[in-house]
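Letter by letter, the chains look like this.
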Amino acid sequence: MSAQGDNGTSRRGSDLGKALRRWRDRVPPTAVGLPAGRSRRTPGLRREELALLAGISAEYVIRLEQGRATSPSAQVLGALARALRLSEAERAHLFALAGQPEPTDGRLPDRLTPGVQRLLDQMPGTPVGVYDAAWTLIAFNRLHAALLGDPFPLTDRDRNLVWQHFTGPPGPVRHTPAQQARFETAMVFDLRSASTRYPTDPVLRRLVTGLRSTSPRFATLWEAHEVSGHMLHTKTIHHPEVGPLHLDCDILTEPGGDLRIVILTAPPGSDTASRLGLLDVIGTQQMTEPSHPRHGVTPPTYSHHSASPSPPHHDRTPTPAHPANTAHFAWPTDEMP
């Protein structure tokens, strides 16, 4: 190992040790069922007590705090986090200090935080869609559906943006050749990153397998291992009723989560802003009741401009929330794949 690598490891171990001592000092013994005693020289837990609670040796705790043990396992870090009563943010910081990826339950998160739901509720005049880490649409507002098509009839796979792009018919979004190349590379990189973070998610694994077997273009990009990201750009969306709309596309990420929020906006006073306002009115007027409500729920429907869905990937029926302006797909736990 190089001297630079040794210095980085030593610095990481020192930072980890300082954090562990600080967290240990703030946990009162009584909070974890231990007697306070009168002869304590520390306001928090002793090293021996932390070791007992975490199921590791006191010697290993000493080595960690002194920076002499720099690569604790994920199991040890999880035990320390529980013993020290760390918050979610502190737990993530602990794993980062140790240079370890924070373990997950292996499934893509798809739950909306209250803040993301408020964002959807409070932007009715702007198309907003929320996607998981694999780019499957999980929530949207009414104008998003009016602009890009009603997602409710679609299966889980058909609501995936990567699947739509590489295997479906041409959609309403138009790209220049350069934009398309950047878009495809970024999408494939996002899907590969999600596969790395959630390697046991069964839906994600089937999605990647299906894309590689169905789309030669995707298979080529997947094997290329190119690293790419998303840039602010303007999308041209051709709508059959209001014509072309030139919209700025911003992609936001959920703090501390793995959701992507896509917001499409037009400059105030522009022709596209006027068309978007007209579409908002048209979309509202064209809302109809579905002929076959499922699970006893009547979901809100929007203007249907999407292509017919392909054969179902798996049977998961969306249940909407906040039907007046927004909806998200929530799956009963016994139907999770």
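All figures in this text were calculated on a predicted structure; none of them were measured in a lab.

## A short note on the pattern of salt bridges
- Under the counting rule described, the total for this entry stands at 11 salt bridges.
- The closest approach of N and O atoms between E59 and R68, which form a salt bridge, is 3.7 Å.
- Judged by its relative accessible area of 44%, E59 is partly exposed.
- It is possible to trace a salt-bridge network through shared partners that takes in R24, R47 and E65.

## Section: the side chain of K235
- Within the fold, K235 resides in strand 4 (residues 233-239).
- Here K235 is buried and forms no salt bridge, its nearest opposite-charge partner D248 lying at an N-O distance of 11 Å.
- The contact partners of K235, leaving out residues within four places of it in the chain, are V173, H175, F183, L245, H246, L247, C249 and L264.

## Notes on helix 3 (residues 58-65)
- Of all the residues in helix 3, the buried ones are Y60, V61, L64 and E65. All buried residues of helix 3 fall inside an arc of 135° around its axis, so they share one side.
- At the C-terminal side of helix 3, G67 shows a positive phi close to 80°.

## Here we look at the pairing of strand 4
- Taken together, the 2 bridges between strand 3 (residues 173-174) and strand 4 define a ladder with antiparallel strand orientation. Paired with R174 across the bridge in strand 4 is T236.
- As paired strands, strand 4 and strand 5 (residues 243-253) are joined by 7 bridges and run antiparallel to one another. Looking across to strand 5, one finds that K235 is bridged to L247.
- Counted between consecutive antiparallel strands, the loop separating strand 4 from strand 5 contains 3 residues.

## Looking at the nonpolar core
- Formed by 39 residues in total, the largest nonpolar core has its most connected members in V162, L191, L204, L211, F218 and L247.
- Looking at this core, the element that brings in the most residues is helix 9 (residues 177-197), giving 5 residues.
- Those residues within four positions of F218 in sequence are excluded, and the remaining contacts are V162, F166, V188, L191, V208, L211 and R212.
- If you look at the next biggest cluster of nonpolar residues, it comprises 26 residues, including Y60, L77, A81 and A98.

How each quantity is defined
- Residues numbered from 1 in each chain as written.
- Predicted model: local features only at pLDDT ≥ 70, side-chain atom pairs only at ≥ 80, totals over all residues.
- Heavy atoms only, no water.
- Salt bridge = Lys/Arg side-chain N within 4 Å of Asp/Glu carboxyl O.
- Buried < 20%, exposed > 50% of the residue type's maximum accessible area, 1.4 Å probe, protein only.
- Helix = DSSP H or I, 4+ residues; strand = E, 2+ residues; numbered from the N terminus.
- Lys, Arg positive; Asp, Glu negative; His and termini not counted.
- Contact = heavy atoms within 4.5 Å.
- Arc of directions from axis to C-beta.
- Pairing = 2+ DSSP bridges.
- Core = buried A, V, L, I, M, F, W, Y, C linked by side-chain atoms within 4.5 Å.

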